[in-house]
Amino acid sequence: MANERCTKEGCYAPKDFCLELAGPLHEQCQFFAVTGATEPSAKTSKKLAASIPWTGEWLRPKQLEILTHRGTPRIIGLVGSSGAGKTTYLAMLYSLLFNGRRIENWDFAGSYTLNGWELQAKTLQVQDDGTVRNPDATPSDNDFYSLYHLALRHDGFLHDIFFADSSGEVFSKWANNVNDPAAENARWIYDNAHAFLFFVDCEAIIGQRGRARRDIVQVAEQVKSSLRGRPVVILWSKADLAKNMRENIVDAIKRNLSEIFPGAISLEISNYSKSDSDQLCHINNINVAETVLNLLANPKRLRIAPASIQADDFFLLYRGNYDSK
């Protein structure tokens, strides 16, 4: 009988999780060996390498299992129309963190998708004329998922956070028809996210006015439909252009969103920096992450009204010390 063992120091697979792949995936690990067994062919080795789930790039839903052994990951869904700045926000967030900005009370502890973060951040470049080149649009392919991972420490605990990004075109299809076959990845994000970043595109409001308002409200209404108390943070993206928006349209959109998401926090963000500590760019982009993470870490308490007991029995009527708390 072949003897199964791992050649990596400190790893005890298959009796324990694979140390290299951070999960029960020892048979796919390059350090795992079956002593006495025949060597795999080149074709088998190539297939084995392709099946390893952790490449450093963004993950897909089925690959989340590499983290579930240490807790339940929290998923933040990015929602908005095409070109609203969802992917660009992720690129800017990583760029700020990479250059030393911190999310207050949340310490970076690693990432399984550093290559994915890097790929987006590299495309976020300042041109010679001072404008910013944004990342390419997220593919609208129905099978395309991009989950960006951050491991963060907060109050002594490790939290695995995923930012779930998808094409704005897919969300528009989902808003029109939640059962649209071409909106599967938008449905997955909506069904599995623990919180949402809802993007409002200031540039689209300038160019499309009433049409942009209708699109924003339509997506917002669909987000509200089965929200179940999950927090929503409203982001006015490309807010450096906000002065060019028509005031009556902005007021109408704000009124609509306040009715759809009562009490939701709104923030203005931009990827265009006027100075080294620009409020919209350097400060608010970090504040967005801090705000949504704090909402996830401190969920709202449920207010349950006590049942009114109608009885003459003193035992049933007794409240003790709890009644005064």
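Residues numbered from 1 in each chain as written. Predicted model: local features only at pLDDT ≥ 70, side-chain atom pairs only at ≥ 80, totals over all residues. Heavy atoms only, no water.

## Focus on the pairing of strand S10 (residues 232–237)
Counted only if it meets this: Burial here depends on accessible area, computed with a 1.4 Å probe over protein chains only, as a share of the maximum for the residue type. Under 20% is buried, over 50% is exposed, and the range in between is partly exposed. Counting from the N terminus, the helices are the DSSP runs of H or I reaching at least four residues and the strands are the DSSP runs of E reaching at least two. Two strands qualify as a pair provided that DSSP identifies no fewer than 2 bridges between them. Whether a crossover is right-handed depends on one test, that the path from the first strand over the helix to the second runs clockwise when the strands point away from the viewer.
In terms of burial, S10 is a largely internal element, six of the six residues being buried. Taking every second residue as pointing to the same face, both faces of S10 are buried, with Val232, Ile234 and Trp236 on one and Val233, Leu235 and Ser237 on the other. With six bridges joining them, strand S9 (residues 195–201) and S10 adopt parallel strand pairing. Note that in S10 the partner of Phe196 across the bridge is Val232. Here S10 runs beside strand S11 (residues 265–268); their pairing, made up of four bridges, is parallel. Note that in S11 the partner of Trp236 across the bridge is Glu268. Crossover connection from S10 via helix H8 (residues 247–260) to parallel S11: handedness right-handed.

## Things to note about the packing of aromatic side chains
The line we're drawing: Each Phe, Tyr or Trp ring, with Trp reduced to its six-membered ring, pairs with another whose centre is within 6.5 Å; inter-plane angles below 30 degrees give stacked pairs, above 60 give edge-to-face pairs, and intermediate values give tilted ones.
Summed over all chains, the structure comprises 10 aromatic pairs. Consider the rings of Trp174 and Tyr190, whose centres lie 5.0 Å apart with planes at 50 degrees: the pair is tilted. Residue Trp174 is found in helix H4 (residues 168–176), and its partner Tyr190 is found in helix H5 (residues 184–192); the two are separated by 16 residues along the sequence. The exposure classification of Trp174 matches that of Tyr190, with both residues buried.

## Digging into the nonpolar core
To keep it simple, the criterion reads: As used in this record, nonpolar core signifies buried Ala, Val, Leu, Ile, Met, Phe, Trp, Tyr and Cys residues forming a set joined through side-chain atoms within 4.5 Å. Any two residues whose heavy atoms approach within 4.5 Å at even a single point are treated as in contact.
Ranked by internal contacts, the top residues of the largest apolar core, which has 44 residues, are Phe198, Ile205, Val223, Trp236, Leu257 and Phe261. For this core, the element with the most residues is helix H7 (residues 210–225), which contributes six residues. If near-sequence neighbours (up to four positions away) are discounted, Phe198 is found in contact with Val79, Ile216, Val219, Ala220, Val223, Val232, Val233, Ile234, Leu235, Leu257 and Phe261. Counting residues in hydrophobic clusters, the runner-up holds 34 residues, among them Leu90, Leu93, Ile269 and Val288.

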